[in-house]
Amino acid sequence: MRLQLQASSSQQEQTPIINITGSKSESNRLLILQQLFPNLQIKNLSTSDDTQHLQEALESTNEILDIGHAGTAMRFITALMASSDLQRTVTGSDRMKQRPIGILVDALRYLGAQIDYVENEGFPPLKIKGNQLHGGEVTMDAGVSSQFLSALLLVAPRFENGLTLRLSGKLTSRPYLEMTTGLMQLLGLDVTFEGQVIKVKHQSHITDREIVVESDWSSAGYWYSWVAMQPAGYSVQLNSYKDSSLQGDRALVEIYEKLGVQTTFNLTGIVLTCMTDFEPPHYLEFDLTSQPDQAQTIFATCLGLGINLKMKGLHTLRIKETDRIKAMDVVGSRFRESKILTTTDTIEITFSPDSSITQEFIVDTYQDHRMALAFAPLCCKTTVIINDADVVTKSYGEYYKDLAAVKVDITEI
Ligand SMILES: O=C(O)C1=C[C@@H](OP(=O)(O)O)[C@@H](O)[C@H](O)C1
Ligand SMILES: C=C(OP(=O)(O)O)C(=O)O
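Cut-offs used in this document
- Residues numbered from 1 in each chain as written.
- Chains lettered and ligands numbered in written order.
- Predicted model: local features only at pLDDT ≥ 70, side-chain atom pairs only at ≥ 80, totals over all residues.
- Heavy atoms only, no water.
- Salt bridge = Lys/Arg side-chain N within 4 Å of Asp/Glu carboxyl O.
- Buried < 20%, exposed > 50% of the residue type's maximum accessible area, 1.4 Å probe, protein only.
- Helix = DSSP H or I, 4+ residues; strand = E, 2+ residues; numbered from the N terminus.
- Core = buried A, V, L, I, M, F, W, Y, C linked by side-chain atoms within 4.5 Å.
- Contact = heavy atoms within 4.5 Å.
- Phe/Tyr/Trp six-rings, centres within 6.5 Å; stacked < 30°, edge-to-face > 60°.
- Lys NZ or Arg CZ within 6 Å of the ring centre and 35° of its normal.

Novice: Could you clarify how one ought to interpret the pattern of salt bridges in this entry?
Specialist: Opposite charge on two side chains allows them to pair when their charged atoms are near. For the structure on display, the rule yields 19 salt bridges. For the salt bridge of Glu321 with Arg324, the shortest nitrogen-to-oxygen distance reads 2.8 Å. The exposure class assigned to Glu321 is buried, which follows from its relative accessible area of 7%. Judged by relative accessible area, Arg324 falls into the buried class, the value being 1%. Between Lys394 and Glu321 there is a salt bridge; the shortest N-O distance is 2.6 Å. Taken as a pair, Lys394 in the loop between strand 21 (383-386) and helix 12 (399-405) and Glu321 in the loop between strand 17 (308-312) and helix 10 (324-332) lie far apart in primary sequence, 73 residues in all.

Novice: Please clarify how the nonpolar core should be interpreted in this entry.
Specialist: In globular proteins that are soluble, nonpolar side chains generally tend to be buried together. Counting residues in each nonpolar core, the largest one holds 71 residues, and the members touching the most others are Trp223, Tyr224, Leu238, Ile298, Phe299, Met311 and Phe375. Per element, the largest residue contribution to this core is 8 residues, and it comes from helix 7 (residues 217-228). Once residues within four sequence positions are removed from consideration, Phe299 is found in contact with Leu309, Met311, Met328, Gly332, Ile340, Ile347, Ile349 and Phe375. Listed in part, the 64 residues of the second largest apolar core include Leu31, Ala70, Val155 and Ile211.

Novice: Even after reading the chapter, I still don't get the packing of aromatic side chains, so can you show me in this structure?
Specialist: Pairs of aromatic rings are described using the distance from one ring centre to the other and the angle between the two planes. Counting across every chain of the model gives 11 aromatic pairs. For the ring pair Tyr224 and Tyr256, a centre distance of 5.4 Å and an interplane angle of 45° mean the geometry is tilted. Placement of the pair is Tyr224 in helix 7 and Tyr256 in helix 8 (residues 252-257), with a sequence separation of 32 residues. For the pair shown, Tyr224 and Tyr256 are each scored as buried. Ring centres of Phe335 and Phe361 lie 5.1 Å apart, and the angle between their planes is 75°; this geometry places the pair in the edge-to-face category. One end of the pair, Phe335, is in the loop between helix 10 and strand 18 (338-342); the other, Phe361, is in strand 20 (residues 360-363), with 26 residues separating them in the sequence. The class of Phe335 is buried, set by a relative accessible area of 0%. Phe361 gets classed as buried once you look at its relative accessible area, which sits at 0%. Through a chain of ring-to-ring contacts, three or more aromatic side chains come together here, namely Tyr222, Trp223, Trp226, Tyr396, Tyr399 and Tyr400. The ring centre of Phe351 lies 5.4 Å from the NZ or CZ of Arg336, which sits over that ring.

Limitation: the analysis is restricted to geometry and does not speak to function.
So this is what it looks like as structure tokens:
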């Protein structure tokens, strides 16, 4: 599906209200924990493709489980199956077969799991013969993806000796690991996280518990970007968000203060307002080691506002749905004249003085939802054409409907 997006410039009459689905990261964790503790009830589960893929895999009796593009789900289900009494082959999309999983497989094997690589060493698909793991101590590299660590922790209450997980190297995406330990603690599990060591005690029951998933902060990012590019005073209400969140992308509140968006928490969620008297800075720098999923969003906002930008801490972006640093480089340079420099873990953009914006901005998505989601708000600056626009369903299937509600004209071309 190829979409053309154009925002109408009419005056805002009232504050639009947007209801974003539940966090996919929280949902995926809770679905795994529900396998261990069936008396856990989950409300406001994410409707994303990724969460649906995980749900289908958990309900399936097939020998082959296809998890599509869902990286987190791939890592989580590997640990779950390895510690179960089932035998399964877990596979995914072509891109999934290029996304590493060796660090998790090594740790599981060290604890006694039986896992074989079906195609390439270190990558899915995996043939898993589940067995009872006893747990103990293991050390894992924490610098490649926090998902490997979360995967092992979520199933650790199953291990009769519990788990002592030692993190080696510099931890990446820390808030996601804290979300894992935080949710486990919320269920009453005995989990401690001190320095570089996480300990989980064996536990086979929890008391009845209902958890309401908070809406997805990662998806809220696109609304921050949208509001940042609107006239001063423009506002949007996003429902079901709270001040004390388990999601690291709650940091959007502070990040977007620097980009001219003020956040107000109210009874139903948050109101984002484009600040009056805001002068976009000439240059901004962000370290996104803890918020990797916001890189494309911030990049697009700075393209729109003409702010020179450097982002650091992006090494995990190379192994996500696409090589996101490369994708930003290629697509970003089409929007307005600029110099873009990239390294293994940084991207820097400097605009030519008086650079003008292209009349038709073409966004290739490279099978990455966040390419379409992040660049779409630029339709308030020029005509945006998004190739393979339906990628958004990976995390935010209602996105175009929500954009239409704020008067974006969307045409299939
Ligand atoms: O655990 C999670 O839910 C996630 C962890 C992060 O991955 P990395 O730890 O690989 O950066 C993040 O990018 C991903 O979208 C979701
Ligand atoms: C990286 C992401 O997801 P995953 O790794 O779960 O595929 C994402 O949603 O941006």
